[in-house]
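Below, each chain spelled out in residue letters.
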Amino acid sequence: MLEAVRVVLTAYTASFRFPHFVGHQLTLPVPPLSTIYGLISAAAGRWVKPSEVEWLAYRCEYEGKGMDMEAIWTVERRKPHESARFETRNIIQREFLAMPCLTLYLPLGWTEVFRRPRYTLLLGRTQDVATVESLQPTNLEFVGSGIVSGVLLPLELVMRNNVSVWLHSLPVAFTDEPQRRPLRVQVFGIVDARRGGEISGADGWLVRDTQSGVILPLFRREWILHGRAETVSEIR
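So, here is what we can say about the structure in this document. Remember, predicted model here, so these are calculated numbers, not experimental data. (Residues numbered from 1 in each chain as written. Predicted model: local features only at pLDDT ≥ 70, side-chain atom pairs only at ≥ 80, totals over all residues. Heavy atoms only, no water.)

1. Examining unusual backbone geometry
Reasoning step 1: The backbone of Met99 shows a phi angle near 50°, a positive value even though the residue is not glycine.
Reasoning step 2: Mapped onto the elements of the fold, Met99 is located in the loop between β5 (85-98) and β6 (101-107).
Reasoning step 3: Residue class for Met99 comes out partly exposed when judged on its relative accessible area of 36%. (Helix = DSSP H or I, 4+ residues; strand = E, 2+ residues; numbered from the N terminus. Buried < 20%, exposed > 50% of the residue type's maximum accessible area, 1.4 Å probe, protein only.)

Set out below in structure tokens:
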């Protein structure tokens, strides 16, 4: 059993860009792990490294999808001493999630960080401003199977189960260098909130919120950093 804080974030819109997709920009129905570390960093007011977060779990729901026409400006600085200037304007179609709700579970020590976030919390782009709807303590218990939705699944769980997912290579986290680099890229199975799937044989991966009954995968520090999954006995 893990003691956790359940952070519920809501917004009017969210957009989690499909990687390697140019022109017509689609949104993922679930944010990658790197977005979650970005949220934690914004709330803390500093760069939070994955090594600082013992574990986390989350799921994302939404009421619908929409399409927006957006103007994109190219900004260029022709010489180092010149000011940057707007050069070209382009119109693209951008998909977004309407009325998203992100439920994030973290160790209790992160409670105060989300009670008074230092910087603006975003569910994607700068216009996707989120608010902390609720902040409550709860318990997470380990389960070996269950129905999940609105989550990312590690590839090993997808391969063990006959579950409908979108497979994508997504960044787990980024370095804190000026020129950011992916700390690790991993293939995930994305389970849309509107199409759940049943998972079994998930020792050490799935947890259940004892209050809400929601089942979701738990991402531990060792796996985030090194790709090594722990068993339930090791976590306890």
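2. Comments concerning the sheet that holds β5
Reasoning step 1: Strand order in this open sheet of three strands is β2-β5-β4, and the pairing throughout is antiparallel. At either end of the open sheet lies a strand with only one pairing partner, and these are β2 (13-14) and β4 (64-76).
Reasoning step 2: Judged from the two bridges that link them, β2 and β5 form a sheet pairing that is antiparallel. The residue bridging Ala14 from the neighbouring strand is Leu97, located in β5. (Pairing = 2+ DSSP bridges.)

3. Section: the layout of surface pockets
Reasoning step 1: By volume, the largest pocket amounts to about 830 Å³.
Reasoning step 2: The wall of the largest pocket is formed by 32 residues, among which Ser34, Thr35, Gly124, Phe174 and Arg180 lie closest to the centre.
Reasoning step 3: Of all the secondary structure elements, the ones that give two or more residues to the lining of the largest pocket are α1 (33-44), β5 and β10 (166-174).
Reasoning step 4: At seven residues, the largest contribution of residues to the lining of the largest pocket is made by α1.
Reasoning step 5: For the lining of the largest pocket, the residue count by class is 16 nonpolar, eleven polar and five charged. (1 Å grid on protein atoms, 1.4 Å probe; cavity = no way out; pocket = protein on both sides within 12 Å on 5 of 7 lines; lining within 4 Å. Points joined across faces, edges and corners; volume = space filled by probe spheres on them. Nonpolar A, V, L, I, M, F, W, Y, C, P; charged D, E, K, R; others polar.)

4. Side note on the pattern of salt bridges
Reasoning step 1: Scanning the model with the defined rule gives twelve salt bridges in all.
Reasoning step 2: A salt bridge links Asp209 to Arg6; its shortest N-O distance comes to 2.6 Å. Linking Asp209 in strand β13 (residues 206-209) with Arg6 in strand β1 (residues 2-11), this pair joins segments that are 203 residues apart in sequence. For the pair Asp209 and Arg6, one class covers both residues: buried.
Reasoning step 3: Between Arg59 and Glu61 there is a salt bridge, with its nearest N and O atoms 3.3 Å apart.
Reasoning step 4: Overall, Arg59 belongs to the buried group, its relative accessible area being 11%.
Reasoning step 5: Salt bridges sharing common partners tie together Glu70, Arg94 and Arg125. (Salt bridge = Lys/Arg side-chain N within 4 Å of Asp/Glu carboxyl O.)

5. Describing the pairing of strand β11 (residues 182-191)
Reasoning step 1: Where strand β9 (residues 151-154) and β11 come together, four bridges link them in antiparallel fashion. Across the sheet, the residue bridging to Val151 is Val191, located in β11.
Reasoning step 2: Here eight bridges tie β10 to β11, and the two strands are oriented antiparallel to one another. Residue Leu167 lies in a different strand from β11, and its bridge partner there is Gly189.

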